[in-house]
Amino acid sequence: MSELLPLIDSFGRLHNNLRISVTDRCNIRCFYCMPAENVEFMDKQELLTFEEIERFVRVVVPLGINKLRLTGGEPLVRRDLDQLVSRLAAIPGIEDIGLTTNGILLAEQAEALHAAGLRRINVSLDALTPGKFKQFTRRDGFEKVIEGIKAAQRVGFDPVKVNAVSVRGLTEEEIVPFGDFARNTGVEVRFIEYMPLDADNAWEREKVLFAHEIIERLSAEIMPLIPEGNQEPHAPATDFVFEDGIGRIGFIASISQPFCMSCNRIRITADGKLRNCLFSLEETDLRLLLRRTGSDAEIAAAVRASVAAKKEGHEINTARFIQPERPMYSIGG
Ligand code: SF4
């Protein structure tokens, strides 16, 4: 019976949320994630197939996993993603499937994804002007992202959330426009403190624009933000609403207010490596087990061992911090 015990680590954290990276490829080049040029992507045969991803999810559901999030790279560049969503939505025990996308291909895929059973979408958008968008992404595409957000709302995704990475020297001018955007569109805007996961290892603490600074600016220039009641205990974001009740703003303050002690997440990379933390320096290779040699019990045991070995949290605020070798685009948000 021990093989069905929930996934609880040595700090008493229950893990029920799996993030699945379906590709490392992307159609833009955000500086806080990817190198500008000469990116080496995985070959197709290195990627887990939809069958292997489905098998893995069927193995971890009895261990208590019931929430899934599809990530990349950019997940919408993986062909027929809606078919994967259908497969996963059909697995008994899966209660919720979300997706994190850069929105460039969303307008054309929103309907099929919703029909397949996807219910929540987070769109990564760091600026509300084409020029600043390009400064972040090193590519054009701003208008397509806005079209994608509208399409997602139109087909019924609710909530649609926007994730904006907050970088000092770039985000300040976007703060009030994002506040207005949240109030005018009903989209929830979440500011994510810039994290050391970039391929160029160029992250600096001085470049992080902290959540409290953004709250001060919004409260001063629009109106006070009120902490939202009944926060989901394991959610990485802390949510607020403007005092008149119009417009929701969230903060993922990984640097200034780490939330590791309520973490319920594990990740599998597109090439089948299990990571018990976004900043983990170790990985467990599950592809061979999934592809050829392993039984479901062996895979479950490997997952359990990885969770048991999970550290207390990221050590970004300590002298011990070592940035993982694997960059963000190959881990998934
Ligand atoms: S840094 Fe690691 S432990 Fe902390 S919240 Fe993120 S995934 Fe969880």
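Note that this is a predicted model, so its numbers are computed, not measured.

## Structural notes on the site of the ligand
Right, so step 1: Contacts to the ligand come from Phe-259, Cys-260, Cys-263, Arg-265, Arg-267, Cys-277, Leu-278, Phe-279, Lys-310 and His-314.
Right, so step 2: Partitioned by chemical class, the residues of the shell around the ligand number 6 nonpolar, 1 polar and 3 charged.

## Remarks on empty space enclosed by the protein
Right, so step 1: Going through the model one piece at a time under the given rule, you end up with 1 cavity of 30 Å³ or more.
Right, so step 2: If you add up the space inside the largest cavity, you get close to 30 Å³.
Right, so step 3: Considering the residues around the largest cavity, the lining is formed by Ile-28, Cys-30, Tyr-32, Ser-124, Leu-125, Asp-126, Phe-133 and Thr-137.
Right, so step 4: Residues that form the lining of the largest cavity fall into these classes: 5 nonpolar, 2 polar and 1 charged.

## A word on the pattern of salt bridges
Right, so step 1: One pass over the structure, following the stated rule, counts 25 salt bridges.
Right, so step 2: Put simply, Lys-207 and Glu-204 hold a salt bridge, and the shortest N to O gap is 2.8 Å.
Right, so step 3: Under the relative-accessibility criterion, Glu-204 is labelled partly exposed at 37%.
Right, so step 4: Across the pair Arg-326 and Asp-271 runs a salt bridge whose closest N-O atoms are separated by 3.3 Å. Placement of the pair is Arg-326 in the segment after helix H9 (296-308) and Asp-271 in the loop between strand S12 (265-268) and strand S13 (273-275), with a sequence separation of 55 residues. Of the two residues, Arg-326 and Asp-271, both sit in the buried class.
Right, so step 5: When salt bridges with common partners are traced through the structure, they connect Lys-161, Glu-188, Glu-228, Asp-239 and Arg-248 into a single cluster.

## Concerning the pairing of strand S11 (residues 248-252)
The side chains of a regular strand alternate, residue by residue, between the two faces of the sheet.
Right, so step 1: Of all 5 residues making up S11, 4 are buried, and the element is well covered by its neighbours.
Right, so step 2: Where strand S8 (residues 188-193) lies against S11, 4 bridges are found, and the strand directions are parallel. Pairing of Phe-191 across the sheet is with Phe-251, part of S11.
Right, so step 3: Relative to S11, strand S10 (residues 238-242) runs antiparallel, the two being bridged by 4 bridges. Its bridge partner lying in S11, Asp-239 is registered against Gly-250.

## Details of the pairing of S10
Right, so step 1: Burial analysis of S10 places 4 of its 5 residues in the buried class, which makes it a mostly covered element.
Right, so step 2: In this structure, strand S9 (residues 225-227) lies alongside S10, joined through 3 bridges in antiparallel fashion. If you follow Pro-227 over to S10, its bridge partner there is Phe-240.
Right, so step 3: A loop of 5 residues connects S10 with S11, the two strands running antiparallel in sequence, and Gly-245 in this loop sits at a positive phi of about 85°.

## A closer look at helix H5 (residues 142-155)
Right, so step 1: With 14 residues, H5 ought to run about 20 Å at 1.5 Å a step, and its terminal C-alpha atoms sit 20 Å apart, in line with that.
Right, so step 2: Listing the buried residues of H5 in full gives Phe-142, Val-145, Ile-146, Gly-148, Ile-149, Ala-151 and Ala-152.
Right, so step 3: Looking at the packing, one finds that the buried side of H5 touches helix H3 (106-116), strand S6 (120-124), helix H4 (130-137), strand S7 (160-166) and helix H6 (175-185).
Right, so step 4: Phi turns positive, to about 115°, at Gly-156, one or two residues after H5.

## Quick notes on the packing of helix H1 (residues 50-60) against helix H2 (residues 81-89)
Right, so step 1: Taken N-terminus to C-terminus, the directions of H1 and H2 make an angle of 25°; their axes are 10 Å apart at the nearest point. It follows that H1 is roughly parallel to H2 by the angle criterion. The handedness of the crossing between H1 and H2 comes out as right-handed. Contact residues: H1 offers Phe-50, Glu-51, Ile-53, Glu-54 and Val-57, while H2 offers Leu-81, Gln-83, Leu-84, Arg-87 and Leu-88.
Right, so step 2: Counted by class, the contact of H1 with H2 contains 6 nonpolar, 1 polar and 3 charged residues.

## Remarks on unusual backbone geometry
Right, so step 1: Following Gly-72, the chain continues into Gly-73 via a peptide bond in cis, with omega recorded as 0°.
Right, so step 2: Pro-159 follows Asp-158 through a cis peptide bond whose omega is 5°.
Right, so step 3: One non-glycine residue, Asn-38, adopts positive backbone phi at about 55°.
Right, so step 4: Here Asn-38 is to be found in the loop between strand S3 (17-21) and H1.
Right, so step 5: Although it is not a glycine, Asn-201 sits at a positive phi angle of roughly 50°.

## Observations regarding the sheet that holds S13
Right, so step 1: With mixed pairing, the 12 strands of this open sheet are ordered in space as S9-S10-S11-S8-S7-S6-S5-S4-S3-S12-S13-S14. Only two strands of the sheet have a single partner each, and these edge strands are S9 and strand S14 (284-285).
Right, so step 2: With 4 bridges connecting them, strand S5 (residues 96-101) and S6 associate as parallel partners. Paired with Thr-100 across the strands is Asn-122, a residue of S6.
Right, so step 3: Strands in contact with H1 are S3, strand S4 (67-71), S12 and S13; relative to S3, the strand with the most contacts, it is inclined by about 170°.
Right, so step 4: The strands that H2 touches are S3, S4 and S5; relative to S4, the one it contacts most, it runs at about 170°.

Conventions and cut-offs
- Residues numbered from 1 in each chain as written.
- Predicted model: local features only at pLDDT ≥ 70, side-chain atom pairs only at ≥ 80, totals over all residues.
- Heavy atoms only, no water.
- Near = heavy atom within 4 Å.
- Nonpolar A, V, L, I, M, F, W, Y, C, P; charged D, E, K, R; others polar.
- 1 Å grid on protein atoms, 1.4 Å probe; cavity = no way out; pocket = protein on both sides within 12 Å on 5 of 7 lines; lining within 4 Å.
- Points joined across faces, edges and corners; volume = space filled by probe spheres on them.
- Salt bridge = Lys/Arg side-chain N within 4 Å of Asp/Glu carboxyl O.
- Buried < 20%, exposed > 50% of the residue type's maximum accessible area, 1.4 Å probe, protein only.
- Helix = DSSP H or I, 4+ residues; strand = E, 2+ residues; numbered from the N terminus.
- Pairing = 2+ DSSP bridges.
- Expected span 1.5 Å × (residues − 1).
- Contact = heavy atoms within 4.5 Å.
- Axes fitted to C-alpha atoms, helices over the stretch in contact; angles between N-to-C directions.
- Parallel < 35°, antiparallel > 145°, perpendicular 65-115°, else oblique.
- Left-handed = near helix turned anticlockwise from the far one by under 90°.

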